[in-house]
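An overview of the molecular structure
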Amino acid sequence: MARPILEVKGLTTTLAGGTITILEDVSFGLQPGEVLGVVGESGSGKSMLALSVMGLLPKAVRRTAGRIVLDGEDLAALSPDRWRERRGSDLAMIFQEPMTALNPVMRVGDQVAEVLRRQGIPAKKARQETINLFRKVEIPSPEQRVRGYPHELSGGMRQRVMIAIALAANPKVLIADEPTTALDVTVQAQILDLLRKLQKERGLSLVFITHDLGVIAEIADRVLVLYAGRVAEIAPVRKIFDNPQHPYTRALLASIPEIDRPRGRLVTIEGAVPSIGAMPKGCRYASRCPFRRDICEQESPRLGLVSSDQAAACVQPFGFEKPQEEALA
Amino acid sequence: MTFETVIEARGVTKVFSTQRGLFRRRSVGARAVDGLNLTVRSGETLGLVGESGCGKSTTGRLLLRLIEPTAGSVLFNGRDLTELSTGELRSSRRQMQIIFQDPYGSLNPRMTIGDAIAEAYIIHGIGDRASRQRWVLEMLDLVRLPRSAVTRYPHEFSGGQRQRVGIARALALKPNFVVCDEAVSALDVSVQAQIINLLQDLQNELKLTYLFISHNLSVVRHISDRVAVMYLGRIVEIADVDALFTRPAHPYTQALLSAIPRSHPDEPRHRHPLTGDLPSALAIPKGCRFASRCPFVQNRCRTFDPPLDPTPDHSLVACHRAADGTLPAYSLNS
Amino acid sequence: MSAVISDPATASQSPTWHVASRLVHNRSFMIGAGLVLAIALLTLFAGWLAPFDPLRSSFRTRLRPPDATYWLGTDHFGRDILSRLLFGARISLTIGLLTALATGVAGTLIGATAGFFRPLDNPVMRLMDALMAFPAILLAIAVAAVLGASVPNVIIALAVATTPHTARIVRASVLIVREQEFVEAARALGATELRVLFRHVLPNALGPLIVRLTYVFATAILAEAALSFIGVGPPPPAPSFGSIIAQGRDFIAEAPWITIFPGFAIMVSVLGLNLLGDGLRDVLDPRMRT
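Definitions and limits used
- Residues numbered from 1 in each chain as written.
- Chains lettered and ligands numbered in written order.
- Predicted model: local features only at pLDDT ≥ 70, side-chain atom pairs only at ≥ 80, totals over all residues.
- Heavy atoms only, no water.
- Helix = DSSP H or I, 4+ residues; strand = E, 2+ residues; numbered from the N terminus.
- Rg over C-alpha atoms; globule rule 2.2 N^0.38 Å.
- Buried < 20%, exposed > 50% of the residue type's maximum accessible area, 1.4 Å probe, protein only.
- Contact = heavy atoms within 4.5 Å.
- Buried area = accessible area lost by both parts, 1.4 Å probe.
- Salt bridge = Lys/Arg side-chain N within 4 Å of Asp/Glu carboxyl O.
- Polar contact = N/O pair within 3.5 Å; in protein donor to acceptor, adjacent residues only side chain to side chain.
- UniProt positions renumbered as here; feature names shortened; annotations may be inferred.
- Core = buried A, V, L, I, M, F, W, Y, C linked by side-chain atoms within 4.5 Å.
- Phe/Tyr/Trp six-rings, centres within 6.5 Å; stacked < 30°, edge-to-face > 60°.
- Pairing = 2+ DSSP bridges.
- Axes fitted to C-alpha atoms, helices over the stretch in contact; angles between N-to-C directions.

A look at the overall build of chain A
On a plain count of helices and strands, chain A comes out with 12 helices and 12 strands. In summary, chain A has a C-alpha radius of gyration of 21 Å against a globular reference of 20 Å for 329 residues, a match within 12%. Dimensions of chain A, computed from C-alpha atoms along their principal axes, come out at roughly 75 × 50 × 35 Å. Within chain A, the proportion of its 329 residues that are buried is 56%.

Here it is as C-alpha cells:
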C-alpha cells in the first residue's frame, strides 16, 4: 500500500481534566483516494474523532496522546496557528447541519469566494471560480444561486454549498461528519452520488462519519467501527458486511431492518452503550456481548489482525474459532 | 375481503395560516394536509411515509384531533371526532394515543416516571391511589422497565428507556389506536431494534392498531401491514407492504424506494433520481402535485389532479399514467 | 455525548436536587447567598443586636462621629445610626421582598395568561408595553403620589412598575415550554388546559422568573431609597435605608457617616442579591449565559 495521506496513531482524548476518556488509543490510516467510513452510535466518539483531526476540539476536551499525521507532517505537534493554516488548505470538513455551519447573513457565493480569496485569488476570478464550483456540486442556475442567502436554499442545496466551500480550498483530506443525516432519503441519495462522483474525479481522500450502515455500504471503501470510544473493528467494506469479526459489528448489522431481507424478529443488542463517565474495566462491549468470557471483563482486548487487512478488538474474533458453540455450552 | 375500520379521515385539510405584513396584514396559508382520505383497519399497522414537510406528522395529529382540521371529518369507531365537544373528546382520548419521536422532550423533566404514567389515570379519574400505583407497576413490567423506575426522573434514563416510558404512558389507558410518530427515529440502531420488537410484541398482546409514521422506509417495511406514501399534503399511494415495496406504482414511491441506501456494497445501484425541490406548501401547483419533479410527466398531469384510484392489486394510486398502465415497468435491480 | 444509562446504585435525584447540587458549586451564588443570609439574620435579630432604640432622639448626642459607644455615629436628632440601619433594613428588605413576591405573582398570572391563551396574548401584552413605556421610577412616583406615601403604597408602586417586564419574561418562557412534546403528550392523554398549564407548563417555565425576582428585590431596595430621597417613600420617623440617607443629606459635609453607612448597606444588599441572581441564572437558565 502507498503511504497513507492521513494517519492517526494512538489518539486519546479526555474530558474533565482527564478523569473521563472519550477516545482511547484510536489508530487508522487513510490511503490517497480512499473513502474510510467511520460508523458508530451516539457516544461512540465519532464526532470527537473528526474534531480531533481538525484540531477543533471543544475547550473541555483534551488530546492527551496520539499523533495525527497529514501527508508526513504531525499536526498534533504544530502550533494552533499552523494547524489552522492546514485546516484552511489541506483539511476540510462538512457538517451534519449546513444551516448552522453557514453564515446566515452572508451570500452563499461570498462564503465560497472567501475561501478562494484567502488563497490569493483576485476577487473577480474568485467569483468566476465560485460559479464553477457551484456547477461542480450540481447546483442549478449557479449564476443566480451565488447571490442567495442560506435560508433561501433547501437543506440539500445548503449541503452542496458546504461541499463547494470545502472543495474551494482544494483539500487533501475531506472529513464529512454525518453530512446526510439531516436530509431526506431522496436528497441523501443525491448528495451521496455527488460525493462519490467528486471523490472519483478529484481523487479525494474522504473520512465519512455516519451511524447508518446503509450509507456506509453506498460510499465506503474501508470501514472503521467505533464503540464507546474504541476501535472495535477495521476492515474493507465487503469484509465488514460479509464476514464481520467483532461481535458488535455482527450485532449491529443484524439489528437493522433491511429493505430486501425477509421480515423476521429483529436481533437486538441488549442494554445500552455505557455512559462515558462509567466505562467498565475490560472490553467496553462485554456487558452486552453474548459471547463474553471472564477475561473480557478483566482486560481490554487489543486491536489484532484477523487477516492481512482486517483487524478486530476482541479476544476471540469470529474468524479464529466458533465462539457461538462456546457461548451455548 | 372486509375490514373493520378503526379510524377514517374524510377530506381532511389543515391550513396553517400566518399573518404577514405589519400594517396591511394578510393571511398566508400553508396547506400542510390537503383533502386527505385515509382509513386505518382494526389490528393493522399502517405505515405512513414521506419526506420532511409532506404533512405526515400533521396527519397523525389531525387523526387524534390534537390539532383542529380546517376542513373534513375524522371518524373514530364511527363517531365523528370533529363534532365532539371538548369534554367528549377528552374522554375519547382513552381509546387513542400517541408515541412521540423525541425521548428527551416527550417527558416532563419535573415528574417522576411513576407520576408521568399515573397521570393518565388521574386525568380520567380512574382508580384510587393504591390501584393506580399497581397499574403503573404493571405498565413498567409491560414495557420491560425495572419497577424501581417509578420514583426516578427522566434525566436518569437513556433514550431507549425513556421511549419505553413514553410507550407505557400511551398504553396506560388501554387504547386501541396508537399513532407512533417517528417513534424510533431518534434512537441508536441497536436500541431502535429493541423498541421495534417491543412495539410489535405489545401490538400482539394488546390487539393494538398502529399508524406508524416514519421517514425510514426500511423500518416501515419491517413493521407495517400496509403503507401509505404521502407527498405534499396528499396520499399518493396506499398498498400492502409487499406490493408497495416490490411493485411501487406511483413514480414518487419509485423514486423514494430507489433512494434507500443499499444494504450491501455489492448490490447494484439503480436510482430514479428526483430533480428539483419540493414545491412550497404555500403555493401548491395545479394538477398533479408531483408533476414538477416526475420523470414520466405528461401534459395532462400539469392540468388535472389525479384522484386516488384503486388498481388491480387492491392498492390505491393517484397517478394518471399508473391508472392507464402507461408507466414504464419498475424494477429496483434493473 | 448523550449516552446515559441509569445506575441503579445511586439514589434517585429530583431535578430540584440536581439544581441545588449545582448551585452549591457556583461561587457567585454562594457568595451572594452568604451576603443575603447575613443581612437577613442581622435584620431578623435587630431587636437584640441594636444597641439603642432607633427612634430615641437626644440633643446631647446629635451628630456624633463613629466612636466606641456609637459605632456608626449619630444623626442630627442624636439617634444611633447602627440601630437605625438594623431596623431600617427591616423596612427596606420587607419592601424588596414583598415587591418581588407581588411582581412574581402578578407577572406569572399575566405572563402565563398571555403566553398560554393565545387570543389574550396581544391585548394583554400591548397593555404591558404601554406600562413599560413609562420609566419605572416615574411610574412609582406617580402611584405613590396618588395613593400617598406609606410602606404598602411603595410596594404597590414598585410592583406595578416591575410587573410588565416580569410578565414578559414569564410569557417568553411559557411560549417555549408549551411547544414541547410533553405538553402535547398531556393533551393527548386528555388533560384539561388548566392542568396542562399548572402541572406541565408553569413548573418548567419558572426558572427565568426566579432569576428575575432576585433582580426585582435588589431594584426595589434601590428604588425605595430613591423614593425616600425625593420624599415619597415610607414616612418618618420609621427608618429605612432611603430615609436615613435622605435625612442625612443636609449634613453631608459635617456628618458624612449618616449617609455613607446606609449607602454602604444598600450596596452590600444589592450586590449580594445580584450575585445570587447571577448564580441562579447560570444554573437555571443556561440560555441566558453569556
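Once you've had a look at it, read on.
With respect to the interface of chain B and chain A
Facing 37 residues of chain B, the contacting portion of chain A comprises 43 residues. Both sides of the chain B and chain A interface together cover about 3600 Å² of buried area, and 49% of this is carbon and sulfur. Three residues stand out in chain B for area buried against chain A, namely V189, R221 and H222 of chain B, and they jointly supply 17% of the buried area on that side. At the boundary of chain B with chain A, the tally comes to 3 salt bridges. The tally of links from chain B across to chain A stands at 13 residue pairs in polar contact (both at pLDDT 80 or more). Those elements giving two or more residues to the side of chain B that touches chain A turn out to be α6 (189–206), α7 (217–223), α8 (241–246) and α9 (251–258) of chain B.

Considering the UniProt feature "domain: ABC transporter" (unreviewed entry) in chain A
As annotated by UniProt and renumbered to match this structure, "domain: ABC transporter" (unreviewed entry) occupies residues 6–253 of chain A. Overall, residues 6–253 of chain A shows 42% helix and 27% strand. The separation of its end C-alpha atoms is 28 Å.

Quick notes on the nonpolar core
Grouped together as the largest cluster of nonpolar side chains are 78 residues, with contacts concentrated most on L140, I167, L202 and L217 of chain B. Top contributing element to this core by residue count: α6 of chain B, with 7 residues. Apart from residues lying up to four places away in sequence, L202 of chain B is in contact with L142, V143, R144, I167, L171, K207, L208 and Y210 of chain B. Residues L23, V174, V183 and A255 of chain C belong to the second largest nonpolar core, which totals 52 residues.

So, the packing of aromatic side chains
The description of an aromatic ring pair rests on the distance of the ring centres and on the angle between the ring planes. Applying the stated criterion to the full structure yields 11 aromatic pairs over all chains. For the pair Y227 of chain A and Y248 of chain A, a centre-to-centre distance of 4.4 Å together with 55° between the ring planes defines the contact as tilted. Of this pair, Y227 of chain A sits in strand β9 (residues 222–227) while Y248 of chain A sits in helix α11 (residues 247–254), and the two are 21 residues apart along the sequence. As far as the burial class goes, Y227 of chain A and Y248 of chain A line up, both buried. Ring geometry for Y252 of chain B against F290 of chain B: centres 5.3 Å apart, planes inclined by 65°, an arrangement best described as edge-to-face. In this pair, Y252 of chain B is assigned in helix α9 and F290 of chain B in the loop between α9 and β11 (309–310), connecting sequence segments 38 residues apart. For Y252 of chain B, a relative accessible area of 1% translates into the label buried. Judged by relative accessible area, F290 of chain B falls into the buried class, the value being 1%.

Quick word on the UniProt feature "transmembrane region" (unreviewed entry) in chain C
Mapped onto the present numbering, the UniProt feature "transmembrane region" (unreviewed entry) falls at residues 29–50, 91–117, 137–161, 209–232 and 257–277 of chain C. Secondary structure across residues 29–50 of chain C divides into 91% helix and 0% strand, with the first and last C-alpha atoms of the span separated by 29 Å.

Some thoughts on the sheet that holds strand β11 (residues 304–307) of chain A
All names here are of chain A. As summarised here, the arrangement of the 8 strands in space is β6-β7-β8-β3-β9-β10-β12-β11, forming an open sheet in which the pairing is mixed. Only two strands of the sheet have a single neighbouring strand rather than two, namely β6 (91–94) and β11. Each strand axis lies, on average, 20° off the axis of its neighbour in the sheet, ignoring direction. Note: strand β3 (residues 35–39) against β9, 4 bridges, orientation parallel. Paired with G37 across the two strands is V223, which belongs to β9. Its contacts with the sheet put helix α1 (residues 46–54) on β3, β6, β7 (173–177), β8 (205–210) and β9, and the angle it makes with β6 is roughly 150°. In this fold helix α7 (residues 155–168) packs onto β6 and β7, with an angle of close to 175° to the strand it touches most, β6.

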